[in-house]
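Now for the letters of each chain:
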2 protein chains.
Amino acid sequence: MSLDQNEWNEQQYEAVQRIRKRVIEVVGRNMELYGVTLSTGHLYGLLFFADKPMTLDEMGHEMQMSKTSMSTGVRTLLDLKMVNKVWEKGSRKDLYEVEYDWYQTFTDYFATQWRRAVESNMQALRRAMKEIERLAEEPDTSEFMAGVLQKDLEKIRQAESYYRWLDRVIDAMEEGQLFDLVPRES
Amino acid sequence: MSLDQNEWNEQQYEAVQRIRKRVIEVVGRNMELYGVTLSTGHLYGLLFFADKPMTLDEMGHEMQMSKTSMSTGVRTLLDLKMVNKVWEKGSRKDLYEVEYDWYQTFTDYFATQWRRAVESNMQALRRAMKEIERLAEEPDTSEFMAGVLQKDLEKIRQAESYYRWLDRVIDAMEEGQLFDLVPRES
DNA sequence: AAGTTCATACAGAAAAAACTGTACAGAGTT
DNA sequence: AACTCTGTACAGTTTTTTCTGTATGAACTT
């Protein structure tokens, strides 16, 4: 994708870059839904169009940003499994390329991020339920307080039920059952 | 939930608040997945436990924050359909309560946020494809450039295919089909 | 109509996050 | 073992976001 080989001219190169840039811009912007920065989104877009795995230095050069930023950006994308580290003998530098299987990216995102949230929420809810039950049984608990506790408990139970459902949704995704409901294109 | 009625004492009130606070903390933190601030998440948690719809002033008082912040926070949650505006005769103030149907909240979130992203991405990809095809047909396009264009086009086609799938997933959610795959608890 | 009470627009302050340059540790080479 | 190269930790700077206080306009009351 560099220009130095004389296989095409400046003008043609610019034309391609212009097209890519617009796509990168939009895709990068919408990647904020995955909780990544705009610039990390752009980095992803850059890697998406790269015709070969890139090094941090190359990214920094293309993005006009510091290598440090590339390092952290790549790490974020790595955590989200949106890019993969690639090994190439001969090169001492780390190489990265995007995960082109976006279905995988999507489900992995849920598997990791949402699962984490579901679990921490469930844990908090269960603890709260225990606390409430303990409190409700104390002798100096007034009628009024018992009522408040009961209402809270009911709300928490409903929330927990929802989280159990969400947990099963994530299971279904991980096991690929979502593709039964909504098939991939051939 | 206020203390001024003498139905319970300071200590009991504190005990309940402590339990709630922990739940609010966790739920609020995980709400960053929905792209909302920590403090907006806390606001949501506050409303979750409120035993009646709240006014901006009440929220501000409980959260120890300005009414302006409450206003913007509530608006964010309203946009996400996580809270509802409630009418109550006699009161001139706006009242808000959380949407307790979290299944609905979840699917609404996808329906609005992800759909928006999918659509804007698809539009960008289609434009890019047209551009590429136009460019590919120009007479001064070298062999090498044609190859580059072809590769880009292929990537974009794959991406578009994914977005069409995602679009159908969102359809399926909106139409409640997700509940066929993963049933709600009774 | 004048007077309240409310929500929010707006500008500025405070806080948080993103980004950079430097420094350094670890792996690889000579 | 000395040297080189690479990725990242860290501190400081810049940019962005969040939050607040004031001001204003709309709706309601008298």
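Each value, and the rule that gives it
- Residues numbered from 1 in each chain as written.
- Chains lettered and ligands numbered in written order.
- Predicted model: local features only at pLDDT ≥ 70, side-chain atom pairs only at ≥ 80, totals over all residues.
- Heavy atoms only, no water.
- Helix = DSSP H or I, 4+ residues; strand = E, 2+ residues; numbered from the N terminus.
- Rg over C-alpha atoms; globule rule 2.2 N^0.38 Å.
- Buried < 20%, exposed > 50% of the residue type's maximum accessible area, 1.4 Å probe, protein only.
- Areas by Shrake-Rupley, 256 points an atom, 1.4 Å probe, with all protein chains shown as cover.
- Lys, Arg positive; Asp, Glu negative; His and termini not counted.
- Charge placed at Lys NZ, Arg CZ, Asp CG, Glu CD.
- Contact = heavy atoms within 4.5 Å.
- Buried area = accessible area lost by both parts, 1.4 Å probe.
- Salt bridge = Lys/Arg side-chain N within 4 Å of Asp/Glu carboxyl O.
- Polar contact = N/O pair within 3.5 Å; in protein donor to acceptor, adjacent residues only side chain to side chain.
- Near = heavy atom within 4 Å.
- Axes fitted to C-alpha atoms, helices over the stretch in contact; angles between N-to-C directions.
- Parallel < 35°, antiparallel > 145°, perpendicular 65-115°, else oblique.
- Nonpolar A, V, L, I, M, F, W, Y, C, P; charged D, E, K, R; others polar.
- Phe/Tyr/Trp six-rings, centres within 6.5 Å; stacked < 30°, edge-to-face > 60°.
- Lys NZ or Arg CZ within 6 Å of the ring centre and 35° of its normal.
- Domains from an automatic or database assignment.
- Core = buried A, V, L, I, M, F, W, Y, C linked by side-chain atoms within 4.5 Å.

Details of the overall build of chain A
Per the secondary structure count, chain A includes seven helices and two strands. Taking 16 Å as the expected radius of gyration for a compact globule of 186 residues, we find that chain A reaches 24 Å, considerably beyond that expectation. Overall size of chain A, expressed as C-alpha extent along the three principal axes, is 85 × 40 × 35 Å. Sorting the 186 residues of chain A into buried and exposed places 49% on the buried side. Looking at chain A as shown, the accessible area adds up to about 10,000 Å², and 47% of this sits on carbon and sulfur atoms. Counting 25 positive and 33 negative side-chain charges, chain A places the centres of these two groups 2 Å from one another.

Points about the interface of chain A and chain B
Interfaces are often described in size by the accessible area the parts lose on coming together. Contact residues are listed per partner, giving 67 residues for chain A and 67 residues for chain B. The largest per-residue losses of area from chain A upon contact with chain B belong to Leu33(A), Lys155(A) and Trp165(A), which jointly make up 11% of the total buried on that side. Summed over the shared surface of chain A and chain B, the result is four salt bridges. Measuring nitrogen to oxygen at the nearest pair gives 2.7 Å for the salt bridge that ties Asp152(A) to Arg20(B). Our count for the contact surface shared by chain A and chain B stands at 26 residue pairs in polar contact (both at pLDDT 80 or more).

A word on the side chain of Glu160(A)
Residue and element names in this part refer to chain A. Tracing the backbone shows Glu160 in helix α6 (residues 143-174). Judged by its relative accessible area of 9%, Glu160 is buried. Here the side chain of Glu160 touches Arg126 through a polar contact of 3.1 Å, side chain to side chain.

Re the protein's contact with DNA strand D
Neighbouring DNA strand D are 15 residues; Ser71(A), Arg92(A), Asp94(A), Ser39(B) and Ser69(B) lie closest to it. Among the atoms of DNA strand D lying within 4 Å of the protein, the sugar-phosphate backbone contributes 74%. One nitrogen or oxygen atom from the main chain of Asp94(A) is found 2.8 Å from a phosphate oxygen belonging to DNA strand D. In this structure, Ser39(B) approaches DNA strand D through a side-chain N or O atom, which is 2.7 Å from a phosphate oxygen. Within the residue set of the surface near DNA strand D, elements represented by two or more residues are α4 (67-79) of chain A together with α4 (67-79) of chain B. Ranked by the residues each element gives to the surface near DNA strand D, the list is headed by α4(A), at four residues.

Observations regarding the packing of α6(A) against helix α5 (residues 102-137) of chain B
Helix-helix packing is characterised by the crossing angle of the two axes and by the distance between the axes. Closest axis-to-axis distance for the α6(A)/α5(B) pair is 9 Å, and the angle between their directions is 45°. Regarding the angle of α6(A) to α5(B), the classification is oblique. In this structure, α6(A) contributes Ala159(A), Ser161(A), Tyr162(A), Tyr163(A), Trp165(A) and Leu166(A) to the contact, and α5(B) contributes Trp102(B), Tyr103(B) and Phe106(B). The residue inventory of the contact of α6(A) with α5(B), partitioned by class, reads eight nonpolar, one polar and no charged.

Quick notes on the packing of helix α1 (residues 10-30) of chain A against helix α6 (residues 143-174) of chain B
Relative to each other, α1(A) and α6(B) sit at 5°, their axes nearing to 11 Å. Between α1(A) and α6(B), the angle is such that the two are roughly parallel. On α6(B), the residues touching Gln12(A), Val16(A) and Arg20(A) of α1(A) are Met145(B), Val148(B), Leu149(B) and Asp152(B). Here the contact of α1(A) with α6(B) is composed, by residue class, of four nonpolar, one polar and two charged.

Thoughts on the packing of aromatic side chains
Across all of its chains, the model carries 41 aromatic pairs over all chains by this definition. Judged by centre distance (6.1 Å) and plane angle (35°), the ring pair of Tyr162(B) and Trp165(B) falls under tilted. Of this pair, Tyr162(B) and Trp165(B) both sit in helix α6, three residues apart, which is roughly one turn of the helix. Over the face of the ring belonging to Phe179(A) we find Arg184(A), whose NZ or CZ atom lies 5.2 Å from the ring centre. When the ring centre of Tyr103(B) is taken as origin, the NZ or CZ atom of Arg184(B), which lies over that ring, is 4.0 Å away.

Structural notes on the domain arrangement of chain A
Residues and elements named next belong to chain A. Per the domain assignment, the segments making up chain A are domain 1 (10-99) and domain 2 (103-181). Here the C-alpha centre of domain 2 lies 37 Å away from the C-alpha centre of domain 1. When the buried area of domain 1 at its contact with domain 2 is split by residue, Tyr34, Leu80 and Lys81 rank highest and sum to 68% of it. Our enumeration of links across domain 1 and domain 2 arrives at zero salt bridges.

Overview of the nonpolar core
Within soluble globular proteins, side chains that are nonpolar generally end up buried alongside one another. Ranked by size, the top nonpolar core spans 123 residues in total, and within it Met59(A), Phe106(A), Trp165(A), Met59(B) and Leu166(B) carry the most contacts. Among residues more than four places away in sequence, those in contact with Leu166(B) are Phe106(A), Trp114(B) and Val118(B).

Examining the protein's contact with DNA strand C
The local shell around DNA strand C holds 15 residues, among which Ser39(A), Ser69(A), Ser71(B), Arg92(B) and Lys93(B) are the closest. For DNA strand C, the fraction of protein-proximal atoms (within 4 Å) that sit in sugar or phosphate groups is 74%. Thr68(A) is positioned with one of its side-chain polar atoms (N or O) 3.1 Å from a base oxygen of DNA strand C. The side chain of Arg75(B) places a nitrogen or oxygen atom 2.9 Å from a phosphate oxygen of DNA strand C. Those elements giving two or more residues to the surface near DNA strand C turn out to be α4 of chain A together with α4 of chain B. The greatest single-element share of the surface near DNA strand C, amounting to four residues, is contributed by α4(B). When grouped by side-chain class, the residues that make up the surface near DNA strand C number two nonpolar, seven polar and six charged.

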